[in-house]
Amino acid sequence: MARRKSRSNNRPVKPKLKLDTVFRCPFCQLENSVGCSFDKDLSIGEISCSICHAGYETKLTPLTEPIDIYCEWIDECERVNQKS
């Protein structure tokens, strides 16, 4: 008797896309000048520009990434500009 051919799960693995960790500053418009840091003990994420020192802080969740904090900062800037 011959054995049956077993199905293998050797599908090619797609590489995960890496998200950005440095961004353009919305105030001084310089590329790669905004960096992000996390304080997991206090659950605070901070993003700030190394040139003009503009910054933003927000609460962290376990799934928060640097791009999430940057998007919240941009949304907050737009919200403040709408009020003025």
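About the cut-offs
- Residues numbered from 1 in each chain as written.
- Predicted model: local features only at pLDDT ≥ 70, side-chain atom pairs only at ≥ 80, totals over all residues.
- Heavy atoms only, no water.
- Core = buried A, V, L, I, M, F, W, Y, C linked by side-chain atoms within 4.5 Å.
- Buried < 20%, exposed > 50% of the residue type's maximum accessible area, 1.4 Å probe, protein only.
- Helix = DSSP H or I, 4+ residues; strand = E, 2+ residues; numbered from the N terminus.
- Contact = heavy atoms within 4.5 Å.
- Salt bridge = Lys/Arg side-chain N within 4 Å of Asp/Glu carboxyl O.

A.B. asks: Let's hear about the nonpolar core: which residues, and what values?
C.D. replies: Among soluble globular proteins, nonpolar side chains are generally buried collectively. Core analysis: the largest hydrophobic core is formed by 12 residues, namely F23, C25, V34, I47, C49, A54, Y56, L60, I69, Y70, W73 and C77. Secondary structure elements with two or more residues in this core: β2 (44-49) and α1 (66-83). Here this core gets 4 residues from one element, more than from any other, and that element is α1. For W73, the contacting residues outside a window of four places in its chain are P26, F27, V34, I47, A54, G55 and Y56.

A.B. asks: Provide a residue-level description of the pattern of salt bridges, including the pertinent values.
C.D. replies: Tallied over the entire structure, the rule returns 2 salt bridges. Where R24 meets E31, a salt bridge forms, and the shortest distance between an N and an O atom there is 2.5 Å. The exposure class of R24 is partly exposed, given its relative accessible area of 37%. A residue is classified by how much of its surface remains accessible, and E31, at 48% relative accessible area, is partly exposed. Put simply, R79 and E76 hold a salt bridge, and the shortest N to O gap is 2.5 Å. Of this pair, R79 and E76 both sit in helix α1, 3 residues apart, which is roughly one turn of the helix. R79 sits in the partly exposed class, given a relative accessible area of 44%. You can call E76 partly exposed: its relative accessible area is 29%.

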